[in-house]
Amino acid sequence: MASRWFASLPNLITIGRLVLTPAIIGFVIDEKWGAAFALFVVAGVSDALDGWLAKTFHLQSDLGAVLDPLADKTLIISIYVSLAVGGNLPAWLAILIVSRDALILGGVLVAWFLARPFKIKPHFSSKITTAVQIVLAAVILAGQAFGVRIGALEDALIASVAALTIASASVYLWLWVQHMRP
């Protein structure tokens, strides 16, 4: 019984991250920045923890392969859209992030409809992009929570997130084109 529970632990942590997302967004909307920041940090740590557990103890599963990126995308898109709507991040950055994910999803759907499905594995560029996106959101939330904004750091992170998001989208587009060639 305990080993089955342990084997499910990475997926349970991922589900916890999914459950935390609406609470984080609610705190952002209500401008309860300390609570939003604290829960966002918990969610970020949970992302690292579930991946580490899965790899270290060979607990990867098909469910986890779907849930983990879903939880990441749900958190990232939600936080960027809510921060942009509140004027805490540039709207164009949120649009860029959402557009990249829509491009990837659209490519998967087109390939599937054309009977050329392929399994998307997170590319290295995507992992770096997600990590920097999380850092930027945490910096913005921390700045709001503690009343300290570091414009130069935020600007550098915004530029990095934009560049990495475009690079990652380009990688996935290139991989999709290679896959779809006759």
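A short tour of the structure in this document, coming up. (Residues numbered from 1 in each chain as written. Predicted model: local features only at pLDDT ≥ 70, side-chain atom pairs only at ≥ 80, totals over all residues. Heavy atoms only, no water.)

Things to note about unusual backbone geometry
At His 58, a position not held by glycine, the phi torsion is positive, near 55°. Mapped onto the fold, His 58 is located in the loop between helix 2 (33-56) and helix 3 (62-85). Even without being glycine, Ala 115 reaches a positive phi, approximately 60°. Assignment of secondary structure puts Ala 115 in the loop between helix 4 (91-113) and helix 5 (124-146). By relative accessible area, Ala 115 is classed as exposed at 66%. (Helix = DSSP H or I, 4+ residues; strand = E, 2+ residues; numbered from the N terminus. Buried < 20%, exposed > 50% of the residue type's maximum accessible area, 1.4 Å probe, protein only.)

Observations regarding the pattern of salt bridges
Counted under the stated rule, the structure contains 7 salt bridges. A salt bridge links Asp 101 to Lys 73, with the shortest nitrogen-to-oxygen separation between them at 3.8 Å. Within this pair, whereas Asp 101 is found in helix 4, its partner Lys 73 is found in helix 3, the two being separated by 28 residues in sequence. Salt-bridge contacts for Arg 100 lead to Asp 101; the nearest nitrogen and oxygen are separated by 2.5 Å. For Asp 101, a relative accessible area of 12% puts it in the buried group. Shared partners join several salt bridges into a network, and the residues in it are Arg 17, Asp 47, Asp 50, Asp 68 and Asp 72. (Salt bridge = Lys/Arg side-chain N within 4 Å of Asp/Glu carboxyl O.)

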